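# Chain and residue survey
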Amino acid sequence: MKPTYFLLIAALLTACGSDKSTETEAAAPPAAPTPPPNPEVVQISPTQLQATGLETGSFVWKNMTTDVQANGSIDVPPQNRASVSAVMGGYVQSVAVLPGQQVARGGVVAVLRHPDYLKLQQEYLQSKARVRFLEQELKRQQTLDAEDLGAKRKLQQAQSEYTSEQALLRSTAGQLRMLGLSMASLDRGEISPTVPLVSPIKGYVKAVNINPGQFVNPQDVLVEVVDRSDLHLELKVFERDIARVKIGQRILFKIPSRGSNEDMAARVFLVGRAFNDDGRTVSVHAHLEPERADVLPGQYVAAHIQTAGARQRTVPEDALVQAGEFSYLFAQTGPTTFRRYKVKTGATDAGDVAVTLLDAGADTTRLVRHGAYFLDAELKKGQDAEE
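Notes on the structure in this doc start here. All of these numbers come straight from a predicted model, not from anything done at the bench. (Residues numbered from 1 in each chain as written. Predicted model: local features only at pLDDT ≥ 70, side-chain atom pairs only at ≥ 80, totals over all residues. Heavy atoms only, no water.)

Let us now look at the pairing of strand 15 (residues 281–288). One face of the sheet, then the other: side chains in a regular strand alternate in exactly this way. Of all the 8 residues making up strand 15, 7 are buried; the element is thus mostly covered by neighbouring parts of the structure. As paired elements, strand 12 (residues 232–238) and strand 15 share 7 bridges and run antiparallel to each other. Residue pairing for strand 15: V237 is matched across the bridge by V282. Pairing between strand 14 (residues 264–275) and strand 15: 6 bridges, direction antiparallel. Bridged to A266 within strand 15 is L288. Once strand 14 ends, the chain turns through 5 residues before running back antiparallel as strand 15, passing G279 with a positive phi of about 155°. (Buried < 20%, exposed > 50% of the residue type's maximum accessible area, 1.4 Å probe, protein only. Helix = DSSP H or I, 4+ residues; strand = E, 2+ residues; numbered from the N terminus. Pairing = 2+ DSSP bridges.)

Below, the structure written as structure tokens:
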């Protein structure tokens with residue numbers, strides 16, 4: 001009886017313990033779900049932190065400028081550019097210059113010949129002789145009129161002929177001066193079958209469009225001369241930007257054809273007041289600072305007009321990463337933890353970029369100033385692994 005009794009008690013105890021275990025399990029609350037990782041946070045190991053040499057710090061305040069981009073060319077004022085043409089048509093006897101050669105003001109660039117040059121000089125000398133004769137005739141008529149011995153009509157006729165011939169003489173002399181002939185030599189009776197073509201300015205020969213034996217007309221441009229003493233920029237600024245451009249603003253420009261990345265400087269001295277015919281652009285002129293001898297008129301330039309300046313928060317370009325349409329920077333939130341923040345970028349100056357935070361809460365004293373691309377790569381690696 002006793003063994004059976006003990007077995008029954010053991011079975012009852014076992015059943016009671018099982019019921020209590022079941023009740024305890026039923027009463028226990030369910031475990032909380034694990035929160036998903038923050039897609040803007042990246043964590044690296046201490047070894048990676050030491051190996052990458054990340055540099056943290058805060059914003060740097062700088063006086064940043066905003067730019068207006070413009071294209072144009074090196075140019076000279078109209079008064080520094082001359083086109084040499086013939087006053088009267090003629091044959092080219094000789095050419096005295098080559099492209100690139102320096103020529104003085106009044107220097108001979110070519111010599112022309114034509115029979116009409118001789119005829120014009122002949123007319124001048126004949127008119128000069130007739131003026132002397134008519135002058136003497138007028139004096140005789142004046143003497144007779146004073147003694148009341150001559151007719152008034154003859155005196156008036158002598159005055160008219162003398163005045164008319166003087167006008168013809170002055171006109172012929174003016175034409176000969178325009179041809180470049182020496183009036184002193186002509187007054188001595190020296191007639192020349194040729195006339196010189198001279199440069200009206202000092203400068204360098206840009207183009208020579210003639211050769212000996214060629215017949216040229218007055219409308220032909222025979223030689224072009226450029227004076228490089230007042231080189232400047234002529235830029236074309238679009239309508240939307242012209243209101244921001246003012247006299248005195250600094251310009252940084254490059255000449256792509258030079259094959260270098262050198263920045264050259266200029267300063268605005270004239271802003272156009274009308275639109276150009278080739279589009280909705282306005283001409284802006286700027287003096288080179290300093291004057292340069294290694295640039296050529298006509299060279300194409302790409303320029304940035306510095307229109308305004310303001311103190312702004314900046315970070316190095318190495319602190320920013322591009323992800324889609326936005327730019328980001330990282331801030332350290334723990335010993336080996338970093339968080340990404342969205343920013344708006346602005347002007348760039350000497351490797352620094354103006355930024356505005358679009359996400360609040362960033363620790364701006366521990367921004368990652370160098371090495372952001374490593375953190376961005378680690379962040380993308382973690383996101384790919386979760387997917």
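Next comes the rest of the description.
The subject of this paragraph is helix 3 (residues 115–146). Taking 1.5 Å of rise per residue, 32 residues should cover 46 Å, and helix 3 covers 47 Å from first to last C-alpha, within 8% of that figure. Every buried residue of helix 3 is listed here: Y117, L120, Q121, Y124, S127, V131, L134, L138 and Q141. In this structure, the buried residues of helix 3 make contact with strand 5 (90–95), strand 7 (108–113), helix 4 (152–179), helix 5 (183–187) and strand 8 (194–198). Following helix 3 by one or two positions, D148 has its phi on the positive side, about 60°. (Expected span 1.5 Å × (residues − 1). Contact = heavy atoms within 4.5 Å.)

Of all hydrophobic cores here, the largest spans 34 residues; its most connected members are V109, L112, L176 and V223. Looking at this core element by element, the count peaks at 7 residues for helix 4. Counting the residues that make up this core, at least three belong to each of domain 2 (86–113 + 193–229) and domain 3 (115–188). Setting aside chain neighbours within four positions, we find V223 in contact with A82, S83, V84, V97, V109, V205, A207 and I210. Counting residues in hydrophobic clusters, the runner-up holds 26 residues, among them V226, V282, A286 and V301. (Core = buried A, V, L, I, M, F, W, Y, C linked by side-chain atoms within 4.5 Å. Domains from an automatic or database assignment.)

Approximately 240 Å³ is the volume found for the largest pocket. Around the largest pocket, the lining is made up of 13 residues, and of these D67, L252, Q306, T348 and D349 lie nearest the centre. For the lining of the largest pocket, the secondary-structure elements that each account for two or more residues are strand 3 (60–75), strand 13 (250–254), strand 16 (300–316) and strand 19 (337–349). (1 Å grid on protein atoms, 1.4 Å probe; cavity = no way out; pocket = protein on both sides within 12 Å on 5 of 7 lines; lining within 4 Å. Points joined across faces, edges and corners; volume = space filled by probe spheres on them.)

The next point concerns unusual backbone geometry. In this chain, E289 is followed by P290 through a cis amide linkage whose omega measures -5°. Tracing the backbone shows P290 in the loop between strand 15 and strand 16.

Okay, the environment of V76 next. Its location among the elements puts V76 in the loop between strand 3 and strand 4 (81–84). For the pair formed by V76 and L231, sequence separation is 155 residues and the distance between their alpha carbons is 4.9 Å. V76 has contacts with R81, V226, D227, D230, L231, H232 and P297, leaving out every residue within four places of it along the chain.

Let us look at the sheet that holds strand 5. Pairing is antiparallel across the open sheet formed by 4 strands, whose spatial order is 8-7-5-10. Both edges of this open sheet fall to strand 8 and strand 10 (215–216), since each of them pairs with a single strand only. Relative to strand 7, strand 5 runs antiparallel, the two being bridged by 4 bridges. Bridge assignment links S94 to a residue of strand 7, and that residue is V111.

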